[in-house]
Amino acid sequence: MNFLRGVMGGQAAGPQPSGAETIQKLCDRVASSTLLEDRRDAVRALKSLSKKYRMEVGTQAMDHLINILQTDRSDSEILGYALDTLYNIICNDEEEEQDESEDAVTPIPASGKNKNVSMPDEAAQKQADDLGAQFTEQFVQDPEHVTLLLALLEEFDFHVRWPGVKLLTALLKNQCVQVQGIILVSPMGVSRLMDLLADSREVIRNDGLLLLQQLTKSNAAIQKIVAFENAFERLLDIITEEGSSDGGIVVEDCLLLLVNLLKNNSSNQNFFKEGSYIQRMKPWFEVGDDNSGWSAQKVTNLHLMLQLVRVMVSPVNSPGATASCQKSMYQCGLLQQLCTILMATGVPADILTETINTVSEVIRGSQVNQDYFASVNAPSNPPRPAIVVLLMSMVNERQPFVLRCAVLYCFQCFLYKNQKGQGEIVATLLPSTIDANSISAGQLLCGGLFSVDSLSNWCAAVALAHALQDNLTQKEQLLRVQLATSLGKPPVSLLQQCTNILSQGDKIVRRGSKVQTRVGLLMLLCTWINNCPIAVTHFLHNQENVPFLTAQISENLGEDERLVQGLCALLLGICIYYNDNSLENYTKEKLKQLIEKRIGKENFVEKLGFITKHELYSRAAQKPQPVFPSPEQMLFDHEFTKLVKELEGVITKAVHKSSEDEKKEEEVKKTLEQHDNIVTQYKELIREQDAQIQELKEQVASMSSQNEQMQTTVTQQLAQIQQHKDQYNILKLKLGKENQNQSNSQGDSSQVNGLQTEELTQLREEVEELRKQHTLLQTQLHDKDALINTLRSETAEGSAGGSDNTELLKELEALRSQVESQSAEINQMKTERQELLRRAEAGSSDAVSSSDGSLDAAKMAEVESRLAAQTTETERLKEEAKSLSESRAELEQQLASATSTVAILQTEQAKLQTEVQESKKEQDDLLMLLADQDQKIHSLKQKLKDLGETVDDEDDLDARDQTDDDFEEDEDED
């Protein structure tokens, strides 16, 4: 302990040991001490020396410190000292910890930086970085050390968790890839680090944010894991709690971590969008009317927030994901909020520039967003479109360079794949739509195009070229634009004026001599006449254009002019490739001959290749946004680089081709057009077949749905049938039981069956007799009908008593209709017949025939009434016979079921009798065993009694058990 006190600051007699010797002794003490206090003091001493003697402590004590982390897990104080010591020897930051007491560790204040340490020069800093990387490599050489550190982060003690977080952050800074790999394969490694964000102590949470920033750098796998550990929700909550854009550096750390998680990670971007987190970004951009006096931290925070929006809609993302995010930003009002910042006053210049870039990428390629942006007006009097206000800034040479670049990018994004917007811009240049009382976008572009500022020339030329990009209609419309150059001279076209700037006039030559202006105009002309034969014809119609281009290409100029020569070669090549041979002096063949005579084909191709070889060409081809370190380097546009790449090869081939090759190509083109027509016909046929197939698919789908419904109905019906079957079986069982109760034996059943058979036989005989009677009655009925017909003919021949016969016939018809339903009137008819007979006897001889007719009619009525009655009786007997046969069938069925039920019951009865007999046998056997045991017990008791032993009888035992039970009941009551 005296030795340690000397090391820690006490005065010791004799010569002082060197730093290396002291560290060696402390390491020995850490390794050999058995008392925890001794080891703790030694580790504290190593910590105090780790800054001054970083090399010695790192080389001698690292293994001992790691051993402390493994063995002394129970003591948080020694763990904190060990972690702090490891952090001091690994970290490369020039920081000095605040003086600390023996029992506490406090955070390092910012004022402690560079205390007692001179500012290192470059060599010293590089040496320190190399030392930190060396110790980090030594520490992570064994992956278990990183795993041990992750396990220590689960300790809630501040003295352990905070140094552990700092140490792991330092390891990630020095050996990021290797440490990321170890954490990635460690079980729950990333989850343990995500728990740091939920720590209630802000210093640990904030350092945890720094740790996650290092962990998620350039590692998509870890970024996905962190995102799916609910990182977005936690980070957005922290940003809201800290005050959003008005928050401090914690908000900045959260935003940097969000950028790490989302940049170039399509999976996390989709997860962020699907989780509705884009909507939570809208409140960040709410600004008030007074925007003066923004703090530097607020500017930084808002800059990162805008950068986060741009990450979601970056042109390098997949088109589908970008379009989806753009749609969400418009629907939630985020785009509207950004446009509000765009038109607000007092916004800092760098925030305004970044907002313009952000709005540019939010509207790029999205028709809905582009239409909304076109409708935005600036709060001026009178209101002006936002596009006009921005273009005014672009062509104003007093505005900052980065702001002008941002406005150009915004205008390009507004016109990207937006033919409607392109038409609106070109329309402001046409004579019929020019309004002299207001400033339009076309006027600003023309003013910038012919300005004395070369940067305005270039920006206006590129902006106008984007208004013509891939739009043949607007290229032809722009040919109508006429410009008034000076008083007293006729107006010239815009195309002619652009070529005049390149080739004529002293003042114009001086302007045209600027490389930036000439490059911008040449890019505009190339874009304009590309794939537009009418524009090519207009360009060639000016007799001075071709000689100027050939002269420019054939000259031997300096390095700066080579780019202009290459662009002139490109423009001349486009005139050859898209030439429709409408001008005799400048057909394709004549232009080729001119190149071969004046320039040379090889020289022409070489000059054309100067464009792609330029160093600024490759820089512009990387991304759409025009980012240049200085205005002088602003030469190429991103879309123009695509055009050069597309045209360079075809122009080279067109120049080298002969007239015969061109003829062959034309023939091939015709053949291809024919093939295209055939293919088009087949495509139409395929479309029709596809439509038919679609209809058939819809029919199949409807039939499938009907089939499913029918199957459902069948299933329900089957269930009902099964239910009815079950009910039928239940009723059948009940009926069987009733039959069993009614019939006591099988003999009775057979007797009943015999009786039923005799009754059926009698009924059959009666039915046969009734049938015979029915046949006889039908025969008699035919005879009577013949007799009635004879009587009718005789009655018709009689001359006297016609009126009486008619009355009798009517009465006969009425009686026929009443006979079938009323049998009681038969007697009344007999009485009337007798009265008629009496009248016939009392009457004259002339009435004899008449009375005979009435007698026959009465007899006929009586016969018919009997016949009807017998027919009715026959039908009734038939119905009775039918019902009897049905009842007989039911009785036979019941008898069969009863017979089967009786057989089943007899079988079960036999089984039960067998089981009863077996159980009786078992009981008898058990009784015999019990009797034998009782006899043996009795004999043994008797022997014990003979030997003089006291034996309790069963009665005594029962009495004793009863007494014990009574005693227990009394205790329970108490």
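Source: prediction; values computed, not measured. Within each chain, residue numbers correspond to sequence positions counted from 1 in written order. It should be noted that, the model being predicted, local features are given only for residues of pLDDT at least 70 and side-chain atom pairs only at 80 or more, the latter also being counted only at that level, while totals for whole chains, interfaces and linings use all residues. As a rule here, side-chain values cover all heavy atoms of the structure and leave hydrogens and water aside.

A.B. asks: How should the overall build of the protein chain be read in this particular structure?
C.D. replies: Starting at the N terminus, helices and strands are each numbered in turn, a helix being any DSSP run of H or I of at least four residues and a strand any DSSP run of E of at least two. When helices and strands are tallied, the protein chain shows 41 helices and four strands. Buried, partly exposed and exposed residues are distinguished by accessible area as a fraction of the type maximum, computed with a 1.4 Å probe on protein chains only: under 20%, between the cut-offs, and over 50%, respectively. Counting across all 974 residues of the protein chain, residues that qualify as buried make up 39%. Per-residue and other accessible areas follow the Shrake-Rupley method at a 1.4 Å probe size, with only the shown protein chains counted as cover for residues. Accessible surface computed for the protein chain: about 55100 Å², of which carbon and sulfur atoms make up 50%.

A.B. asks: Quick question: what am I supposed to make of the pattern of salt bridges here?
C.D. replies: Where charged atoms from two side chains of opposite charge approach closely, those side chains can pair. Between Lys or Arg on one side and Asp or Glu on the other, a salt bridge is scored when a side-chain nitrogen of the former is within 4 Å of a carboxyl oxygen of the latter. Summed over all chains, the structure comprises 20 salt bridges. The residue Arg-40 makes a salt bridge to Asp-75 at a minimum N-O spacing of 3.3 Å. A residue pair is termed long-range when its members are at least 10 positions apart, and Arg-40 in helix H3 (residues 36-49) and Asp-75 in the loop between helix H4 (54-71) and helix H5 (76-90) qualify at 35 residues. With respect to class, Arg-40 is no different from Asp-75; both count as buried. Between Arg-205 and Glu-242 there is a salt bridge; the shortest N-O distance is 3.1 Å. Pair noted here: Arg-205 is in helix H11 (residues 202-215) and Glu-242 is in the loop between helix H12 (220-241) and helix H13 (249-262), with a separation of 37 residues, a long-range link. Connected through salt bridges with shared partners, the residues Arg-40, Asp-41, Arg-44, Asp-75 and Glu-77 form a single ionic network.

A.B. asks: Hey, could you run me through the packing of aromatic side chains in this one?
C.D. replies: Describing an aromatic ring pair means giving the distance of the ring centres and the angle of the ring planes. Two rings from Phe, Tyr or Trp (for Trp, the six-membered ring) form a pair when their centres are within 6.5 Å of each other. A pair whose planes differ by under 30 degrees is stacked, one over 60 is edge-to-face, and the rest are tilted. Under the criterion given, the structure shown has 11 aromatic pairs. The interplanar angle of 15 degrees and the centroid separation of 5.6 Å between the aromatic rings of Phe-158 and Trp-162 together place this pair among those described as stacked. Residue Phe-158 and its partner Trp-162 are both found in helix H8 (residues 158-174); the two are separated by four residues, about one turn of the helix. In this structure Phe-158 comes out as buried when scored by relative accessible area, which is 19%. We classify Trp-162 as buried; its relative accessible area is 5%. Ring geometry for Trp-458 versus Phe-628: centroids 6.4 Å apart, planes at 85 degrees, classification edge-to-face. A residue pair is termed long-range when its members are at least 10 positions apart, and Trp-458 in helix H24 (residues 454-468) and Phe-628 in the loop between helix H34 (615-620) and helix H35 (638-656) qualify at 170 residues. The exposure classification of Trp-458 matches that of Phe-628, with both residues buried. Linked through ring pairs, Phe-228, Phe-232, Phe-271, Phe-272 and Tyr-277 together constitute an aromatic cluster. Two conditions define a charge sitting above a ring: the NZ of Lys or the CZ of Arg must be within 6 Å of the ring centre, and it must be within 35 degrees of the ring normal. It is Lys-298 that lies over the ring of Trp-294; its NZ or CZ is 4.6 Å from the centre. We note Arg-364 situated over the ring of Tyr-416; from NZ or CZ to the ring centre the distance is 3.9 Å.

A.B. asks: Is there a simple way to explain the side chain of His-145 in this structure?
C.D. replies: Relative to the helices and strands, His-145 is located in helix H7 (residues 143-152). A relative accessible area of 13% means that His-145 is categorised as buried. Within the local environment of His-145, its side chain forms a polar contact with the backbone oxygen of Phe-139, the two atoms lying 2.9 Å apart. With near-sequence residues (within four places) excluded, His-145 lies in contact with Ile-66, Gln-70 and Phe-139. Whenever two N or O atoms come within 3.5 Å, that pair is a polar contact, provided that in protein one can donate a hydrogen and the other can accept it, and provided that, for residues adjacent in sequence, both atoms are side-chain atoms. Whether two residues are in contact is decided by their heavy atoms, any of which lying within 4.5 Å being enough.

A.B. asks: Can you walk me through empty space enclosed by the protein in this structure?
C.D. replies: Rolling a probe over the atoms, with the probe sized like a water molecule, indicates the empty space that remains. Each cavity reported here is a set of points on a 1 Å grid over the protein atoms alone in which a 1.4 Å probe fits but cannot get out, each pocket an open set with protein on both sides within 12 Å along at least five of seven lines, and each lining residue one with an atom within 4 Å of a point. Grid points are joined across faces, edges and corners, and a volume is the space filled by probe spheres set on the points. Going through the model one piece at a time under the given rule, you end up with seven cavities of 30 Å³ or more. Roughly 80 Å³ of internal volume is contained in the second largest cavity. Taken together, 13 residues form the lining of the second largest cavity, with Ala-465, Met-523, Thr-527, Asp-637 and Phe-640 sitting closest to its centre. When residues of the lining of the second largest cavity are traced back to their parent elements, those giving at least two are H24, helix H28 (515-529) and H35. Side-chain classes follow a simple rule in which Ala, Val, Leu, Ile, Met, Phe, Trp, Tyr, Cys and Pro form the nonpolar group, Asp, Glu, Lys and Arg form the charged group, and the remainder, Gly included, forms the polar group. Across the lining of the second largest cavity, the residue classes break down as seven nonpolar, four polar and two charged.

A.B. asks: I keep staring at a nonpolar patch on the surface and nothing clicks. Help me out?
C.D. replies: To count toward a patch, a residue needs a relative accessible area above 30% and no salt bridge. Like charges then connect within 9 Å, nonpolar side chains (Val, Leu, Ile, Met, Phe, Trp, Tyr) within 5 Å. Together, Ile-678, Tyr-682, Leu-685 and Ile-686 make up a nonpolar patch on the protein surface, roughly 380 Å² of accessible area in all. The partly exposed category is assigned to Ile-686, whose relative accessible area is 44%.

A.B. asks: Quick question: what am I supposed to make of the packing of H7 against H8 here?
C.D. replies: Packed helix pairs are characterised by how far apart their axes lie and by the angle those axes make with each other. One way to put it is that H7 packs onto H8 with a least axis distance of 9 Å and a crossing angle of 145 degrees. Crossing of H7 against H8: the hand is left-handed. Every residue of H8 that contacts H7 at Val-146, Leu-149, Leu-150 and Leu-152 is listed here: Val-160, Gly-164, Leu-167, Leu-168 and Leu-171. Axis angles are defined between N-to-C directions and span 0 to 180 degrees, where every axis is a line fitted to C-alpha atoms and, for a helix, only to the segment in contact. Two helices cross in a left-handed way if the nearer one is turned anticlockwise from the farther one by less than a right angle. They cross in a right-handed way if the turn is clockwise.

A.B. asks: What exactly am I supposed to notice about unusual backbone geometry here?
C.D. replies: Glycine aside, negative phi is the norm for most residues, and most peptide bonds take the trans geometry. Residues other than glycine seldom take positive phi values, yet Met-188 does so here, at roughly 60 degrees. Considering the arrangement of structural elements, one finds Met-188 in the loop between helix H9 (176-185) and helix H10 (189-194). Positioned with a positive phi, Asn-264 is a non-glycine residue whose angle comes to about 60 degrees. For Asn-264, a relative accessible area of 62% corresponds to the exposed category.

A.B. asks: Help me understand a negative patch on the surface in this model?
C.D. replies: When charges are counted, neither His nor the chain ends are considered; positive counts come from Lys and Arg and negative counts from Asp and Glu. Each charge is placed at NZ for Lys, CZ for Arg, CG for Asp and CD for Glu. Judged by side-chain charge, Glu-915, Glu-918, Glu-922, Asp-924 and Asp-925 come together as a negatively charged surface patch. Inspection of the secondary structure assignment puts Glu-922 in helix H40 (residues 848-946). By relative accessible area, Glu-922 is classed as exposed at 53%.

A.B. asks: It is not clear to me how the packing of H3 against H5 should be interpreted in this structure. Could you clarify?
C.D. replies: Packing of H3 against H5 brings their axes to within 9 Å, and their N-to-C directions diverge by 25 degrees. One finds that H3 runs roughly parallel with respect to H5. For the element pair H3 and H5, the recorded crossing hand is left-handed. From H3, Leu-36, Arg-39, Arg-40, Val-43, Arg-44, Leu-46 and Lys-47 reach across to H5, where they touch Glu-77, Ile-78, Tyr-81, Ala-82, Asp-84, Thr-85 and Asn-88. Of the residues assigned to the contact of H3 with H5, the class counts are six nonpolar, two polar and six charged. For classification, angles of less than 35 degrees are called roughly parallel, those exceeding 145 degrees roughly antiparallel, those between 65 and 115 degrees roughly perpendicular, and all remaining angles oblique.

A.B. asks: Which parts of the structure should I look at to understand the environment of Ser-244?
C.D. replies: Tracing the backbone shows Ser-244 in the loop between H12 and H13. What Ser-244 contacts, discounting residues up to four positions off in sequence, is Ile-239, Val-251, Trp-284, Asn-301 and Met-305.

A.B. asks: I tried to follow helix H17 (residues 334-343) on my own but got confused; where do I start?
C.D. replies: Since the α-helix packs 3.6 residues into each turn, any two residues three or four apart lie on the same face. Extensive coverage of H17 is indicated by the burial of eight of its 10 residues. Those residues of H17 lying buried are Leu-334, Leu-335, Gln-337, Leu-338, Cys-339, Ile-341, Leu-342 and Met-343. Residues of H17 that are buried sit in contact with helix H15 (296-312), helix H16 (319-331), helix H18 (349-363), helix H19 (367-375), strand E1 (377-378) and helix H20 (386-394).

A.B. asks: I would appreciate a short explanation of the nonpolar core in the present structure.
C.D. replies: We call a set of buried residues a nonpolar core when its members are Ala, Val, Leu, Ile, Met, Phe, Trp, Tyr or Cys and they connect through side-chain atoms within 4.5 Å of each other. In terms of nonpolar packing, the biggest core is built from 209 residues, with Leu-168, Leu-193, Phe-285, Phe-373 and Leu-570 touching the most fellow members. Looking at this core, the element that brings in the most residues is helix H21 (residues 401-415), giving 12 residues. Aside from chain neighbours lying at most four places away, what touches Leu-570 is Cys-526, Leu-608, Ile-611, Phe-640, Val-644, Leu-647 and Ile-651.

Everything listed here is a matter of geometry and, on its own, says nothing about what the molecule does.
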